[in-house]
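Chains, contacts and geometry: an overview
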Amino acid sequence: KGEVAEQARWLAAALHPQPQQAAPPVDAVKAKDLAWELAKVGFPGAVVVAHDHPGLPRAKAQQPETAGVDRRVQVLAASTLVAGPALVVSCGTALTVDVAGPDGALMGGTIGIGLGLAARALTVGAEKLPLVDLKGALPLPALDTESALRTGIVLGAAGGVERILEGLRPDA
């Protein structure tokens, strides 16, 4: 029960801006306990989805067992909303672009570095670069270091997503 309670606390904390930490793994046996714990911290009726959830189509990627449940749920939701195949762009710790099949299965996709992680990596890898707030103007050309970082990170990610979407077009 302690591990399940920790998972519930992590999920509740994930809804509020906090430093990133890895989610504890959830297996099917613990999913019911996790839903109960989430109800105790103010999320009644929570549905916890593990890899073997009966409503989740099997991923069609080469390694379906390693495809993140978050990505699989997102493509299922997108496919359901548009009543067919869909593309999903998600920007968190990772920036993902995923393809949903007509049945909502994850067909495959890309995983790149998320905006916040990119900003933090630059401050670690280049000690003179500051950690910047990614909200704000994106001037071209940027005239100061903080604006240059913000513009490079945000527009670089946007350009990457555009290129991936171009490559996924049926006529590409």
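Counting restarts for each chain, with residues numbered from 1 along the sequence as it is written. This being a predicted model, a pLDDT of at least 70 is required before a residue's local features are given, and a value of 80 or more before pairs of side-chain atoms are given or counted; all residues contribute to the totals for chains, interfaces and linings. Water and hydrogen atoms play no part in the side-chain values, which are based on all heavy atoms of the structure.

1. What about the overall build of the chain?
Working definition: helices are DSSP H or I runs of at least four residues, strands are E runs of at least two. Numbering for both runs from the N terminus. If you tally the helices and strands in the chain, you get five helices and three strands. Counting helices and strands in the order they occur from the N terminus, the chain gives α-α-α-β-β-β-α-α. Residue burial in the chain is summarised as follows: out of 172 residues, 28% are buried. By the convention used here, residues are in contact when the closest approach between their heavy atoms is within 4.5 Å. In the chain, of all internal contacts separated by at least 6 residues, the share reaching a separation of at least 24 is 35%. Relative accessibility thresholds used throughout: buried, under 20% of the residue-type maximum; exposed, over 50%; partly exposed, between the two (1.4 Å probe, protein chains only).

2. Details of the environment of Val161
One can find Val161 in helix 5 (residues 145-168). Sequence separation between Val161 and Gly112 is 49 residues; the distance between their C-alpha atoms is 9.5 Å. If near-sequence neighbours (up to four positions away) are discounted, Val161 is found in contact with Val89, Leu95 and Val97.

3. Re the nonpolar core
The set of buried Ala, Val, Leu, Ile, Met, Phe, Trp, Tyr and Cys residues whose side-chain atoms join them within 4.5 Å is what this entry labels a nonpolar core. With eight residues, the main nonpolar core is built from Ala59, Ala67, Val75, Ala78, Ala86, Val88, Ala100 and Leu106. When neighbours within four sequence positions are excluded, Leu106 is seen to be in contact with Ala59, Lys60, Ala61, Ala67, Arg71, Arg72, Val75, Asp98 and Val99.

4. Observations concerning the pattern of salt bridges
Within this document, salt bridges are pairs made up of a side-chain nitrogen of Lys or Arg and a carboxyl oxygen of Asp or Glu, the two lying within 4 Å of each other. As enumerated under the stated definition, the model contains three salt bridges in all. In this structure, the salt-bridge partner of Asp103 is Lys60, at a minimum N-O distance of 2.9 Å. Of this pair, Asp103 sits in the loop between strand 2 (94-100) and strand 3 (106-113) while Lys60 sits in the loop between helix 2 (28-40) and helix 3 (69-82), and the two are 43 residues apart along the sequence. Relative accessible area serves as the criterion here: at 43%, Asp103 is assigned to the partly exposed category. Measuring nitrogen to oxygen at the nearest pair gives 3.1 Å for the salt bridge that ties Asp171 to Arg169. Asp171 gets classed as exposed once you look at its relative accessible area, which sits at 58%. The class for Arg169 is partly exposed, based on a relative accessible area of 47%.

5. Here we look at the pairing of strand 1 (residues 86-91)
DSSP calls a pair of strands paired once it identifies at least 2 bridges connecting them. Relative to strand 2, strand 1 is paired through six bridges, and the arrangement is antiparallel. Looking across to strand 2, one finds that Ala86 is bridged to Ala100. Joining the antiparallel neighbours strand 1 and strand 2 is a turn of two residues.

6. Some thoughts on helix 3
Between its first and last C-alpha, helix 3 extends 20 Å over 14 residues, near the 20 Å set by a 1.5 Å rise per residue. On its buried side, helix 3 packs onto strand 1, strand 2 and strand 3. Trailing helix 3 by a residue or two, Ala83 shows a phi angle of about 55 degrees, which is positive. By this rule, a helix spans an expected 1.5 Å times one less than how many residues it contains.

7. Overview of the confidence of the model for the chain
Here the chain averages 84 in pLDDT, while 80% of its residues score no lower than 70. Here helix 1 (residues 2-14) stands out as the element of the chain with the lowest mean pLDDT, 61, in contrast to helix 5, whose mean of 96 is the highest. For every residue, the predictor assigns a confidence score, pLDDT, that lies between 0 and 100. Confidence drops under a pLDDT of 50 for residues 16-20, and excluding neighbours within four residues, the segment shows three contacts in the predicted structure.

8. Here we look at the packing of helix 4 (residues 115-125) against helix 5
Direction vectors running N to C along helix 4 and helix 5 enclose 140 degrees, while the axes themselves pass 10 Å from each other. For the element pair helix 4 / helix 5, the angle class is oblique. Along this stretch, helix 4 crosses helix 5, giving a crossing that reads as right-handed. For the pair formed by helix 4 and helix 5, the contact residues are Leu115, Ala118, Ala119 and Leu122 on the first element and Leu149, Ile153, Val154 and Ala157 on the second. Side-chain classes are defined by residue name, with Ala, Val, Leu, Ile, Met, Phe, Trp, Tyr, Cys and Pro counting as nonpolar, Asp, Glu, Lys and Arg as charged, and the others, Gly among them, as polar. Of the residues contributing to the contact of helix 4 with helix 5, the split by class is eight nonpolar, no polar and no charged. Working convention: axes come from line fits to C-alpha atoms, limited for helices to the stretch in contact. Angles between N-to-C directions cover 0 to 180 degrees. Put simply, angles under 35 degrees are roughly parallel, angles over 145 are roughly antiparallel, angles from 65 to 115 are roughly perpendicular, and the rest are oblique. Note on convention: near helix rotated counterclockwise from far helix by under a right angle means a left-handed crossing. Clockwise means right-handed.

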